[in-house]
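If you want the building blocks of each chain, they are given just below.
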Amino acid sequence: MSDGPTYGFDTLQIHAGARPDPATGARQTPIYQSTAYVFRDADHAAALFNLQEVGYIYSRLTNPTVAVLQERLATLEGGVGAVCCSSGHAAQIMALFPLMGPGKNVVASTRLYGGTVTQFSQTIKRFGWSAKFVDFDDLDALRDAIDDDTRAVFCESVANPGGYVTDVRAVADVADAAGLPLIVDNTSATPYLCQPISQGATLVVHSTTKYLTGNGTVTGGCIVDSGKFDWSASDKFPSLSAPEPAYHGLKFHETFGNLAFTFHGIAIGLRDLGMTMNPQAAHYTLMGIETLSLRMQRHVENAVKVATWLENDPRVDYVTYAGLPSSPYADRAKRCYPKGTGGLFTVALKGGYDACVKFVDSLEIFSHVANLGDTRSLVIHSASTTHRQLTPEQQQAAGAGPNVVRISIGIEDADDLIRDLDQALAKACG
Ligand SMILES: *Cc1c(COP(=O)(O)O)cnc(C)c1O
């Protein structure tokens, strides 16, 4: 099918990017388990290597199964192109790589996945990059944090794990006024609940490991490019606007126009960093995406039921879920996320750290794992696990204090989930 804007989300999540296999007619996208692709002749090979013709060379760069996933994600997010890679964390590095350089910084929200806080506050320093963390509800603080060396603004739409939702439009306006790209991690919302590009984001990154695949089988990541940023408007993005020595002085923006970031991601990013998604992973993720909207509807419905029940339980101190009327973000959630705010929230127990540990150990349907966005309900005590490397202040800022348990609500029967939580709370809180 041709992917026109006339098709709805539910149609595109099944069909975008896929066509019957030209060799066999196979209706499902085959897993092209091949490392290399035969050149028609030496001229064809030269044209591919010069980026004068698009085609398959070697699976570190491109693979037909991965390409279908790239096209599907670009379509669902409303972007012009996408680059898949080996994990969500790889996607973040791949997104920053063409923008940053030694001495340059990214201004990031304080409300991020714990692993991202560690990646940004520690590991990227090895590249000479740095991150400045600010509260993105304070737009003046965001404006003030941006300086001459800032090259990107970064946030999550629905933020993991604290029940916080970002007003992407408001943040995009600040980035835009500063002439900077906004990168939005849309992992927890998925394009079903939020399309950051329609609200002004330049790039969208995903951990496809989570809701997109949806069943906890493979890790993967993706960067979707809006194609809307003018990389040549300033001299801040020479990787995209200036001659590239590794391609005989080719200028990506001038040559590839609105696909500059996508081409750079493949021709430089995947070629030289090698954070490639394998075709098996792409296959599992394509399978998952076919049912994305159905699953997200049920995740939201179950999360609202379970969070409401927990909020009214005397053993519970508070629940942070932007989908609850009691949330300080309820109005923003309704305005910016009308289909719901996903399946993730945190619950704080009156019994503190000890009760939390007993609680997660007593659950029967919920699994205690470092993952989210699975069909199965999952739980984790962030302070002793994913957010362990953070300072107490960073834990609090991320909504992951010692008395807090993160819950990823699956698509099981909500009444069974509530019964399980009830018996575990009884054991944990006496
Ligand atoms: C899991 C996650 C990541 C990291 O993704 P991996 O696939 O585990 O590398 C980044 N951001 C968010 C919001 C996540 O949930």
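Every value quoted in this text rests on a predicted model; they were computed, and no experiment measured them. (Residues numbered from 1 in each chain as written. Predicted model: local features only at pLDDT ≥ 70, side-chain atom pairs only at ≥ 80, totals over all residues. Heavy atoms only, no water.)

Enquirer: Help me understand the site of the ligand, please; the structure alone is not making it clear to me.
Expert: Neighbouring the ligand are 14 residues, the closest being Gly88, Asp185, Ser207, Thr209 and Lys210. Here serine 207 contributes a side-chain N or O atom positioned 2.8 Å from an oxygen atom of the ligand. Here an oxygen atom of the ligand sits 2.7 Å away from a polar atom, N or O, in the side chain of threonine 209. Considering the ligand on its own, with 380 Å² of exposed area, one finds that the protein chains cover 92% of that surface. Here the element with the most residues in the shell around the ligand is helix 4 (residues 88-96); it accounts for three residues. (Near = heavy atom within 4 Å. Polar contact = N/O pair within 3.5 Å; in protein donor to acceptor, adjacent residues only side chain to side chain. Areas by Shrake-Rupley, 256 points an atom, 1.4 Å probe, with all protein chains shown as cover. Helix = DSSP H or I, 4+ residues; strand = E, 2+ residues; numbered from the N terminus.)

Enquirer: Could you clarify how one ought to interpret the state of the cysteines in this entry?
Expert: Chemically, a disulfide is nothing more than a covalent bond linking the sulfur atoms of two cysteines. Tallied over the full model, the rule gives zero disulfides. Of all cysteine sulfurs in the structure, the one in cysteine 84 sits closest to cysteine 85, which takes part in no disulfide; the separation is 7.1 Å. Looking at the unpaired cysteine 194, the closest cysteine sulfur is the one in cysteine 336, lying at 8.1 Å. (Disulfide = S-S within 2.5 Å.)

Enquirer: I tried to follow the packing of helix 3 (residues 64-77) against helix 12 (residues 279-289) on my own but got confused; where do I start?
Expert: For any two helices packed against each other, one specifies the inter-axial angle together with the distance between the axes. Contact geometry for helix 3 and helix 12: axes closest at 8 Å, N-to-C directions at 40°. Handedness of the helix 3/helix 12 crossing: left-handed. Listed contacts from helix 12 to Thr65, Val66, Val68, Leu69, Arg72, Leu73 and Leu76 of helix 3 are Pro279, Ala282, His283, Thr285, Leu286 and Ile289. Here the residues of the contact of helix 3 with helix 12 are counted per class, giving nine nonpolar, three polar and one charged. (Axes fitted to C-alpha atoms, helices over the stretch in contact; angles between N-to-C directions. Left-handed = near helix turned anticlockwise from the far one by under 90°. Contact = heavy atoms within 4.5 Å. Nonpolar A, V, L, I, M, F, W, Y, C, P; charged D, E, K, R; others polar.)

Enquirer: Explanation requested: the sheet that holds strand 2 (residues 105-109) in the structure shown.
Expert: Sheets are built from strands paired through backbone hydrogen bonds, the pairs being either parallel or antiparallel. Read from one edge of the open sheet, seven strands run 1-9-8-7-4-2-3, paired in mixed fashion. The open sheet is flanked by strand 1 (81-85) and strand 3 (130-134), the only strands paired with a single partner. When strand polarity is set aside, the average angle formed by the axes of neighbouring strands in this sheet is 20°. Across five bridges, strand 1 lies against strand 9 (residues 221-225) in antiparallel orientation. From the neighbouring strand, alanine 82 faces strand 9, where its bridge partner is valine 224. Along the sheet face, helix 5 (residues 114-121) touches strand 2, strand 3 and strand 4 (150-156) and points at about 130° away from the line of strand 3. Packing of helix 11 (residues 260-273) onto the sheet brings it into contact with strand 1, strand 8 (203-207) and strand 9, and relative to strand 1 it is tilted by some 25°. (Pairing = 2+ DSSP bridges.)

Enquirer: Explanation requested: the packing of helix 4 against helix 5 in the structure shown.
Expert: Their axes nearest at 11 Å, the elements helix 4 and helix 5 cross at an angle of 40°. In terms of axis orientation, helix 4 runs oblique to helix 5. Every pair of crossing elements has a handedness; the one defined by helix 4 and helix 5 is right-handed. Contacts from His89, Gln92, Ile93 and Leu96 in helix 4 reach Gly115, Thr116, Gln119 and Phe120 in helix 5. Looking at the contact of helix 4 with helix 5 residue by residue, the class counts come to three nonpolar, five polar and no charged. (Parallel < 35°, antiparallel > 145°, perpendicular 65-115°, else oblique.)

Remember that the coordinates give geometry; whether it matters functionally is a separate question.
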